[in-house]
Amino acid sequence: MRIGILGSGLMGGKLGTIFARAGHQVVFSYARTQEKLKKLARAAKGDARAGTPSEAARDADALLLAVHWSRVDDVLKQAGDLSGKVIVTCSLPMNADDTGLVIAHSSSGAEELAKKARKAKVVSAFNTVPSEVLFGVFGAKGKAKAKKPDLVYCGDDEDAKKVAARLIRDVGFDPVDAGPLRIARYTEPFALLVAQLAYEGDGGPELAYRFEHWK
Ligand SMILES: NC(=O)c1ccc[n+]([C@@H]2O[C@H](COP(=O)([O-])OP(=O)(O)OC[C@H]3O[C@@H](n4cnc5c(N)ncnc54)[C@H](OP(=O)(O)O)[C@@H]3O)[C@@H](O)[C@H]2O)c1
């Protein structure tokens, strides 16, 4: 697939690199300097290049949105017309010092994004993992003994969700379809918990949880 990265920081830089190594064509966009984008593209060692958000969006089969909440409007404006595009978002609606969600309970960042980019197909994914684990999960992919970690995603468009599930699998996770986009109201606060554990804890979280069906 052709994948445009909107926001090439911790999440966008790592996921874009992994997507390129998994065989996708990647355009890194939206960092404070062009040099950073070029460096990422070179280091990805795959079919990757640096570009503007509108170049990243133009022919993309999927876009990864990975900017701080305060930058969403700006990057969408620079990306231009996103009609029909699949946007996989890991951007969390967090305040300036990353300590709280500014949207919760009755909506979610993913749903607000879908209102901003009305004709795009938004899927929420990757926000429940800290960027620190991504290369490790990708590196373990295919190793006989490695158990794939699950990764939840949600969205309202089934075709867009198939695209997101493929990308999730390409990184090395097992995609878990959590349902419609409004489920992001519950995954985003969970992502905040993971972030707080990662940054306040010692060396990041090792979370384990298990669902049982009681009849
Ligand atoms: N990091 C995580 O583990 C994690 C996990 C789950 C969800 N998230 C969410 O994912 C989103 C991205 O997080 P992140 O940690 O990847 O953030 P980040 O490292 O700060 O990346 C943001 C990107 O936006 C760029 N940017 C910021 N201001 C800009 C400006 N004025 N003009 C052009 N580019 C600009 C940054 O440029 P530079 O590269 O030049 O700084 C960077 O490439 C956030 O919403 C966060 O809540 C993050």
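Everything below is about the structure shown above.
Residues numbered from 1 in each chain as written. Predicted model: local features only at pLDDT ≥ 70, side-chain atom pairs only at ≥ 80, totals over all residues. Heavy atoms only, no water.

Draft legend 1. Up close: the side chain of Ser 8. Tracing the sequence through the fold places Ser 8 in the loop between strand S1 (2-6) and helix H1 (10-21). Residue classification places Ser 8 among the buried positions, given a relative accessible area of 2%. At a separation of 2.8 Å, a polar atom in the side chain of Ser 8 contacts the main-chain carbonyl oxygen of Ser 29. In contact with Ser 8, other than residues within four places in its own chain, are Gly 13, Phe 28, Ser 29, Tyr 30, Lys 36, Leu 37 and Leu 40. (Helix = DSSP H or I, 4+ residues; strand = E, 2+ residues; numbered from the N terminus. Buried < 20%, exposed > 50% of the residue type's maximum accessible area, 1.4 Å probe, protein only. Polar contact = N/O pair within 3.5 Å; in protein donor to acceptor, adjacent residues only side chain to side chain. Contact = heavy atoms within 4.5 Å.)

Draft legend 2. Inspection of unusual backbone geometry at higher detail. Of note in the backbone geometry, Lys 45 takes a positive phi value of approximately 55° without being a glycine. Considering the arrangement of structural elements, one finds Lys 45 in the loop between helix H2 (34-44) and strand S3 (48-50). Even without being a glycine, His 105 presents a positive backbone phi close to 70°. Position of His 105 among the secondary structure elements: in the loop between strand S5 (86-89) and helix H5 (109-116). A relative accessible area of 71% places His 105 in the exposed class.

Draft legend 3. Inspection of the site of the ligand at higher detail. Within the structure, the ligand sits among 21 residues, and Leu 10, Met 11, Arg 32, Lys 36 and Ser 131 are positioned closest to it. Backbone polar atom of Ser 131 to an oxygen atom of the ligand: 2.8 Å apart, as the coordinates give it. Protein coverage of the free-state accessible area of the ligand, which is 890 Å², stands at 79%. Among the residues forming the shell around the ligand, the class breakdown is 12 nonpolar, 6 polar and 3 charged. (Near = heavy atom within 4 Å. Areas by Shrake-Rupley, 256 points an atom, 1.4 Å probe, with all protein chains shown as cover. Nonpolar A, V, L, I, M, F, W, Y, C, P; charged D, E, K, R; others polar.)

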